[in-house]
There are 2 protein chains.
Amino acid sequence: MVTLPAGCDAGPLCITLAGLPARMRPADSELPGVTMHKFQLLCDSFIRAIRQGDYQQGDRLPSLRAVCQAHGVSMNTAKKAFHELERQAYIEALPRSGFRVLAGAAPHPLPDAALPLEALLLDSRLPAPLGSPFVNPALIDMRVLNRELSRAMHGYSSAAIHSPVFGLDTLRRQISRHYHAEGVHLHWESLLITCGGMEALALAIQAVLQDGRPPCVAVMLPAFPGALNLLRQLGVAIVALPESPAEQETLLASRPLAALLVMPNFQHPTGQSLSDAGKQALLDLAHRFDVPVIEDDTYRQLHFAGQAPLPLKAHDRCGLVLHCGSFSKTLAPGYRVGWLEPGRYLDRVRALKLCSTLSSPLPSQLALAELLAGPAVPRLLQKLRRELQQRTQLLRQAALAHFPAGTQVSEPAGGYLLWVTLPRASDLAALLPGVHAAGLHFAPGSLCLPETAASACNTLRLNASFYTAAAEPRLQQLGRLLGNTAGDL
Amino acid sequence: MVTLPAGCDAGPLCITLAGLPARMRPADSELPGVTMHKFQLLCDSFIRAIRQGDYQQGDRLPSLRAVCQAHGVSMNTAKKAFHELERQAYIEALPRSGFRVLAGAAPHPLPDAALPLEALLLDSRLPAPLGSPFVNPALIDMRVLNRELSRAMHGYSSAAIHSPVFGLDTLRRQISRHYHAEGVHLHWESLLITCGGMEALALAIQAVLQDGRPPCVAVMLPAFPGALNLLRQLGVAIVALPESPAEQETLLASRPLAALLVMPNFQHPTGQSLSDAGKQALLDLAHRFDVPVIEDDTYRQLHFAGQAPLPLKAHDRCGLVLHCGSFSKTLAPGYRVGWLEPGRYLDRVRALKLCSTLSSPLPSQLALAELLAGPAVPRLLQKLRRELQQRTQLLRQAALAHFPAGTQVSEPAGGYLLWVTLPRASDLAALLPGVHAAGLHFAPGSLCLPETAASACNTLRLNASFYTAAAEPRLQQLGRLLGNTAGDL
């Protein structure tokens, strides 16, 4: 077994890594802190060869003996590597002996340039993927959850017959119980389980649009790019929701809106939070003008200090708040379980849910219901918060140290994102290929604003959950590039 | 342990079952063939009591001793029942002793009448839920898949970091390999993994609408209600796609369309299939008029005889077919894993996917990739097909025997649905409460047509996967009601 520290080569097996075309994705061997077996390294090298067209579909692979000789590995290692290639459906065994390639390079390879910027930033396989919007899954201890998943599968058939469209009853009650413990009263039958927080947002937006209101939503900017994309896709105009209650009132009085869309706690990407008074004032305004408020609650549990702040929903007497939550940033990345408490829009959201994905994945729901029922959750969240706080502070210090003089860096009280304001604007997206080669990416701040056309930008978003001290040289390099671009030395 | 045959009472513990209000959902104890422990029965009876308001939120429950006396159970059984109630977050332990109700009846109980008909038919907890659109999950042997799920979770963190937005590479390659074995060439990088087949359909429809084409889709009717709902939600007009190529040509020549939407194999609900010549003719037409075709491939693997028929996609030279598939009807109900091969709409579908749910659930994808890599799939599918064929034939015979004279029943070559045509039309939806009390439901055929206003209907859809000989008396009762409604004896 070979353990690779972040950023190191893996010796003779990886000579093909050097000078890889930018579009070739790095293999497992470059993942920070991931331990690789020899057969996996060998398998990876064949995968690269197949993907870049060294072996075409239908070509025979070398014999096992030849592989042993060429790569200096044992027959056992070679066999395991080929078995893995077969399991991943890259190769198939031929009737007599040997193997041939099953799935070769794409006949019309889709260059990364065809993918939008967001998709590139979602790729977390670099040593320092600081442009990602997601919490680093390696920080979330999923051992308990994974055990619960295995146990939950025993009762699967009967749960599948029960499976209510709007979400597993047990899970909804557990979610409701956890809110209750914080003093927030949601009735579990008013909850819907969704495929992640994004579907909750999508349902909420679609529900308010059906009111016959004009397709315009006021959003606290800068905002989560996913939400902005969603609004654009639905043909909804986006206006900025001002920060002060007085300006908010002016806006609401001047134009009819379908909804307000806010993240009142640890807003993506600035990390800012509304005070309790600010939350109450916002709701009072919404009530006066009868405008629903869509609340994205995703980061609330990621507070650094003391207790969790209250959600907007806690103050909602009129059912005007459509409250969206998710486990993806706290307990279960990749499980795609979120929820929506849609206030007075319950019937409409249920009708929409029936049309969209019908039901959220059942194994995921079962496992989470068990996890929430047990004692592990407070401990797991606390562990995550501590880690996020440390990394956020570490990255903040490093950014202040290495970025151009005059750079400002947010100092959030929760979450894992830093919002960086540079002294001068420049075309930040153009820097990305350069830093990508250095094993890092970042999110140009323009992603978090509705006007995507702007190329000159003086803000950027960094994800601290993927940052460790080992990545400091890369951050330093980014700082130099930012300085150069702006005309500094 | 008490095993309850389908439809039987459970003795003294269930005296509260008799005369339950219609809106109370039956408990596990009424599931056909499900084995219940005594503590589960006791737990269920408390749940019913809580939900119908016998115990309000905050009320203390009786002491364990009192429960033992009142229900005639041991202390051990009582404790297990209360533990289960606690685990499901219905009750919480009080500091000194005893328990109180945590989650009571809904403060404003949502009557079932508020739910659309489709939602009611999705409830499969009756003895004979013949109105459901889903395959009976009890027929799908998920033991291998569940084992793979447990194993797959070991590599979870590293998979979560890799996790590509468009779907796990391994899964996409396995799906591609399985098509390849059938002679259908799809490149795995052109596949997207979706949250079930419904999301695949939704993405396909949205993609073709972005063309600037008029929002009108020609659908082979009667059709899957979910697809019709989706089109309605997206504001798309639905026209009938005729059966004969000549009439199809007339339609395409007479009006511009965004797409054709078809299930060429074992169509929901009629079970009809296009011949190979019919498939080719449809594609030729689509090509001539440059109209994309959305293919719902969900039932193709459920053929009763011989080999699987070919999908439309197999004949697609121009990338005009957006091909949607799902594991929900074959291998993994509730897992929410589907796929889309969108032909020339790949870039657009990818952009849409980024906005919607971001990625499909990872545990589900990992488990399915492992299942597809192993040898179990052909055997599992074969077992399912055999069972579905038997049940379909059994239900068909029973319907012909018990429904009014002159009733026609489809004779599908695959799938699990029967399409019943009655000699006279009537308000079939009005019969549903009556048969629901008899432990059965069915789907009025009007659900499968775009004009939902029609109440007079002479067709209905029955789901044979939920039918056994034990349910014949209920079917007989339905037959009598249908006969009465139409004026027969």
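Use the structure listed above.
What counts, and at which threshold
- Residues numbered from 1 in each chain as written.
- Chains lettered and ligands numbered in written order.
- Predicted model: local features only at pLDDT ≥ 70, side-chain atom pairs only at ≥ 80, totals over all residues.
- Heavy atoms only, no water.
- Helix = DSSP H or I, 4+ residues; strand = E, 2+ residues; numbered from the N terminus.
- Buried < 20%, exposed > 50% of the residue type's maximum accessible area, 1.4 Å probe, protein only.
- Contact = heavy atoms within 4.5 Å.
- Phe/Tyr/Trp six-rings, centres within 6.5 Å; stacked < 30°, edge-to-face > 60°.
- Lys NZ or Arg CZ within 6 Å of the ring centre and 35° of its normal.
- Pairing = 2+ DSSP bridges.
- Core = buried A, V, L, I, M, F, W, Y, C linked by side-chain atoms within 4.5 Å.
- Salt bridge = Lys/Arg side-chain N within 4 Å of Asp/Glu carboxyl O.
- Least-squares fit on C-alpha atoms with pLDDT ≥ 70 in both.
- Polar contact = N/O pair within 3.5 Å; in protein donor to acceptor, adjacent residues only side chain to side chain.
- Nonpolar A, V, L, I, M, F, W, Y, C, P; charged D, E, K, R; others polar.
- Arc of directions from axis to C-beta.
- Disulfide = S-S within 2.5 Å.
- Axes fitted to C-alpha atoms, helices over the stretch in contact; angles between N-to-C directions.
- Parallel < 35°, antiparallel > 145°, perpendicular 65-115°, else oblique.
- Left-handed = near helix turned anticlockwise from the far one by under 90°.

**Student:** Quick question: what am I supposed to make of the overall build of chain A here?
**Tutor:** Along chain A, the regular secondary structure elements total 16 helices and 17 strands. For chain A, with 489 residues in total, the buried portion stands at 59%. Considering only residue pairs separated by 6 or more positions, chain A has 73% of its internal contacts joining residues 24 or more positions apart.

**Student:** When you look at the packing of aromatic side chains in this model, what are you seeing that I'm missing?
**Tutor:** For any two aromatic rings, the description comes down to two numbers: the centre-to-centre distance and the angle of the planes. Taken as a whole and assessed by the stated rule, the structure comprises twelve aromatic pairs over all chains. Ring geometry for B:Y179 versus B:W339: centroids 6.4 Å apart, planes at 85°, classification edge-to-face. Residue B:Y179 is located in helix α7 (residues 169–181), and its partner B:W339 is located in strand β12 (residues 338–341); the two are separated by 160 residues in the primary sequence. Side by side, B:Y179 and B:W339 carry an identical accessibility label, which is buried. Grouped by ring-pair contacts, the aromatic residues A:F46, A:F82 and A:F99 constitute a single cluster. The ring centre of B:W188 lies 4.8 Å from the NZ or CZ of B:R173, which sits over that ring.

**Student:** What is the right way to look at the pairing of strand β12 (residues 338–341) of chain A in this model?
**Tutor:** Successive side chains on a regular strand alternate, one facing one side of the sheet and the next facing the other. All names here are of chain A. What you see with β12 is no split at all: G338 and L340 on one side and W339 and E341 on the other are buried throughout. Sheet topology places strand β6 (residues 192–194) next to β12; three bridges connect them, and they run antiparallel. Bridge pairing in β12 places L192 opposite L340. As defined by bridge partners, strand β11 (residues 321–326) adjoins β12 across four bridges and the pair is classed as antiparallel. Counted as the bridge partner of C324 is L340 from β12.

**Student:** When you look at the nonpolar core in this model, what are you seeing that I'm missing?
**Tutor:** In summary, soluble globular proteins display a tendency toward joint burial of nonpolar side chains. Core analysis: the biggest nonpolar cluster contains 92 residues, and A:L171, A:F327, A:Y335, B:L171, B:F327 and B:Y335 have the highest contact counts within it. In this structure, B:F327 is in contact with B:L171, B:I175, B:A332, B:P333, B:V337, B:W339, B:L368 and B:L372, ignoring residues within four places of it in sequence.

**Student:** In this structure, what is going on with the pattern of salt bridges? I would like to understand it.
**Tutor:** Any two side chains of opposite charge can pair, on the condition that their charged atoms come close. Taken as a whole and judged by the stated rule, the model has 37 salt bridges over all chains. B:R151 is paired through a salt bridge with B:E148; the nearest N and O atoms lie 3.5 Å apart. Of the two residues, B:R151 and B:E148 both sit in helix α5 (residues 143–152), three residues apart, roughly one turn of that helix. Here B:R300 makes a salt bridge to B:D297, at a shortest N to O gap of 3.0 Å. The residues B:R300 and B:D297 share a single accessibility class, namely buried. One continuous salt-bridge network, built from bridges that share partners, spans A:E148, A:R151, A:E370, B:E84 and B:R87.

**Student:** Whenever I open this one, the sheet that holds strand β13 (residues 408–409) of chain B confuses me. Can you help?
**Tutor:** Working definition: the strands of a sheet are paired by backbone hydrogen bonds and lie parallel or antiparallel to each other. Residues and elements named next belong to chain B. One open sheet holds the four strands; their spatial order is β13-β14-β17-β16, and the pairing between them is antiparallel. Since the sheet does not close on itself, it has two edges, and those belong to β13 and β16 (443–444), each with one partner. Pairing of strand β14 (residues 417–427) with strand β17 (residues 456–463) involves seven bridges; the strand directions are antiparallel. Within the sheet, the bridge partner assigned to L418 lies in β17 and is L462.

**Student:** Would you mind going over the relation of the copies chain B and chain A with me for this structure?
**Tutor:** Look at the two chain copies: a rotation about an axis and a shift along it is all it takes to match them. For the pair chain B and chain A, the superposition axis carries a translation of 0.0 Å, the fit reaches an RMSD of 0.1 Å, and the rotation angle comes to 180°. The two molecules are tied by a two-fold rotation axis, judged by turn and shift. By C-alpha distance to the rotation axis, the residue of chain B lying nearest is B:S150, at 2.6 Å. Both copies share a contact surface, since 100% of the interface residues of chain B are interface residues in chain A too.

**Student:** What is the right way to read the interface of chain B and chain A from this model?
**Tutor:** By a widespread convention, an interface's size corresponds to the accessible area lost as its parts come together. Taken together, the contact pairs 75 residues of chain B with 75 residues of chain A. There are two salt bridges connecting chain B and chain A. With its nearest N and O atoms 2.2 Å apart, the salt bridge here joins A:E370 to B:R87. Along the contact surface separating chain B from chain A lie 15 residue pairs in polar contact (both at pLDDT 80 or more). Residue classes in the side of chain B that touches chain A are distributed as 40 nonpolar, 22 polar and 13 charged.

**Student:** Before we go on, may I ask you to explain the side chain of B:S328 in this structure?
**Tutor:** All names here are of chain B. Secondary-structure assignment places S328 in the loop between β11 (321–326) and β12. Overall, the relative accessible area of 11% leaves S328 in the buried class. Residues in contact with S328, not counting those within four places in the same chain, are I140, P333 and R336.

**Student:** I would appreciate a short explanation of helix α10 (residues 245–254) of chain A in the present structure.
**Tutor:** Helical periodicity: at 3.6 residues per turn, an α-helix aligns residues three or four positions apart in one direction. Residue and element names in this part refer to chain A. Turning to α10, its buried residues number three or more, namely Q248, L251 and L252. End-on, the buried residues of α10 take up no more than an arc of 95°, which puts them together on one face. Away from its buried face by more than 90 degrees, α10 exposes A246, T250, A253 and S254. Those residues of α10 that are buried lie in contact with β7 (216–219), β8 (237–240), β9 (259–262) and α11 (276–289).

**Student:** For this particular structure, what's the right way to read the state of the cysteines?
**Tutor:** Structurally, a disulfide amounts to a covalent bond that connects the sulfur atoms of two cysteines. On inspection of all chains with the given rule, the structure shows zero disulfides over all chains. Cysteine A:C318 shares no disulfide, and the gap to the nearest cysteine sulfur, in A:C324, comes to 18 Å. Here B:C457 is not cross-linked by a disulfide; its sulfur's nearest cysteine counterpart is in B:C448, at 8.9 Å. When its relative accessible area of 7% is taken as the criterion, B:C457 is described as buried.

**Student:** Please clarify how helix α9 (residues 225–233) of chain B should be interpreted in this entry.
**Tutor:** Residues and elements named next belong to chain B. Of all the nine residues making up α9, seven are buried; the element is thus mostly covered by neighbouring parts of the structure. Turning to α9, its buried residues are P225, G226, A227, L228, N229, L230 and L231. One or two positions beyond α9, positive phi appears at G235, with a value near 70°.

**Student:** How should the sheet that holds strand β14 (residues 417–427) of chain A be read in this particular structure?
**Tutor:** Across the sheet, four strands lie side by side as β13-β14-β17-β16 (chain A); this open sheet has antiparallel pairing. Of all strands in the sheet, those bounded by a partner on one side alone are β13 (408–409) and β16 (443–444) of chain A.

**Student:** When you look at the packing of helix α10 (residues 245–254) of chain B against helix α11 (residues 276–288) of chain B in this model, what are you seeing that I'm missing?
**Tutor:** Geometry of a packed helix pair, given as the angle between the helix axes and the separation of the axes. All names here are of chain B. Taken N-terminus to C-terminus, the directions of α10 and α11 make an angle of 15°; their axes are 11 Å apart at the nearest point. One finds that α10 runs roughly parallel with respect to α11. Judged by the sense of rotation from one axis to the other, the crossing of α10 with α11 is right-handed. Touching P245, Q248, E249 and L252 of α10 are A281, L282, L285 and R288, all from α11. Residue composition of the contact of α10 with α11, by class: five nonpolar, one polar and two charged.

**Student:** Would you explain the pairing of β14(A) in this entry?
**Tutor:** One ladder, built from two bridges, connects β13(A) with β14(A); its direction is antiparallel. Bridging across to β14(A), A:Q408 finds its partner in A:T421.

Purely spatial values, then, with no claim about function.
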